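# Structural characterization, general
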Amino acid sequence: MEERELYEKMFQSVLQGEIEEAGELAKKALEMQIDPIIAINKGYTKGMDKVSRLYQAGEYFLPELVSAGEAMKAALKVLDPALKKQKTERKILGRVVLGTVEGDIHDIGKSIVGSMLVATGFEVVDLGVNVSTRKFLDTIKEVKPNILGLSALLTTTMPNQKKVIEALKETKERQNIKVMVGGAAVTDKWAMEIGADGYGEDAIAAVNVAKKFTTLPS
């Protein structure tokens, strides 16, 4: 198999959400001694870019988005260790701490956002669901993220997004971190009201907001 053909198959594996195929193609790239960075950029990343455009155009929907993200993750699971072994790491756009706020156990939307962020080039620390304010603050202090993502599906748990932001304001980390919020009941108006820096109505929007944060001047 020629390299050009391999890159096209990688592209298609993400576009079609073929998770197992994406992983096998990554292994094939290593067997062919292709630089993992080149495989990611010429194959898989182009696939994710196409999926994002199709989703925004209304031609792809949530199931396709999820499958594409999982295919990308399957490829990265194979290629990232090879990058570290050769002491070369792919360019990381930023580090994100992500979690569903205390009292809320809804995971699907937050997990999709996490998968899409990883597929796009972010390093993600996913704290899961029902995350206390203290857990958010302790993790922020430990990993020094660029972005904090707070998810809340219920109107009854949305105030805990504000609680985390208020607690973060009392720390020196607030000036160095952007906060974005999301969830079924969350709106742009609510984000502004509680002092968040951004709002994503879905996974693609959340990724776009995160990208804007990483390109802002310091």
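The notes below deal with the structure included here.

Let's shift gears to the nonpolar core. Counting 46 residues, the largest nonpolar core has M10, Y44, M116, L117 and M180 as the members making the most contacts within it. Within the residue set of this core, elements represented by two or more residues are α1 (3–15), α2 (19–31), α3 (36–56), α4 (62–85), β1 (94–100), α5 (108–120) and α9 (203–215). For this core, the leading source of residues is α4, giving 9 residues. Each residue touching M180, except ones within four places of it in the same chain, is listed here: L117, I147, L148, G149, L150, G198, A206, V209, A210 and F213. V131, A152, M158 and A167 belong to the second largest nonpolar core, which has 22 residues in total.

Bringing the sheet that holds strand β4 (residues 178–182) into the picture now. Here we have 5 strands laid out as an open sheet, ordered β2-β1-β3-β4-β5, and parallel in their pairing. Either end of the sheet is taken by a strand with one partner, and the two such strands are β2 (122–126) and β5 (198–199). Where strand β3 (residues 147–151) meets β4, 5 bridges bridge the pair, whose relative direction is parallel. What sits directly across from L150, in β4, is V181. Sitting on the sheet, helix α7 (residues 159–169) touches β3 and β4, and the angle it makes with β3 is about 155°.

The end-to-end C-alpha distance of α3, which contains 21 residues, comes to 29 Å, matching closely the 30 Å that a straight helix rising 1.5 Å per residue would cover. Along its length, α3 reaches its greatest deviation from straightness, about 35°, at T45. Among all positions of α3, only P36, I37, A39, I40, G43, Y44, G47, M48, V51, S52, L54 and Y55 are buried. Turning to α3, the residues buried within the fold contact α1, α2, α4, α5 and α9. For α3, the side-chain oxygen to backbone nitrogen distance between the N-cap and I37 is 2.9 Å, and the N-cap itself is D35.

Here we come to the side chain of S52. Tracing the backbone through its elements, the reader meets S52 in helix α3. Note on S52: relative accessible area 19%, which makes it buried. Ignoring anything within four residues of it in the chain, the contact list for S52 reads M116 and I204.

Reading the values: rules and limits
Residues numbered from 1 in each chain as written. Predicted model: local features only at pLDDT ≥ 70, side-chain atom pairs only at ≥ 80, totals over all residues. Heavy atoms only, no water. Core = buried A, V, L, I, M, F, W, Y, C linked by side-chain atoms within 4.5 Å. Buried < 20%, exposed > 50% of the residue type's maximum accessible area, 1.4 Å probe, protein only. Helix = DSSP H or I, 4+ residues; strand = E, 2+ residues; numbered from the N terminus. Contact = heavy atoms within 4.5 Å. Pairing = 2+ DSSP bridges. Axes fitted to C-alpha atoms, helices over the stretch in contact; angles between N-to-C directions. Expected span 1.5 Å × (residues − 1). Bend = angle between axes of the 7 residues up to and from the residue. Polar contact = N/O pair within 3.5 Å; in protein donor to acceptor, adjacent residues only side chain to side chain.

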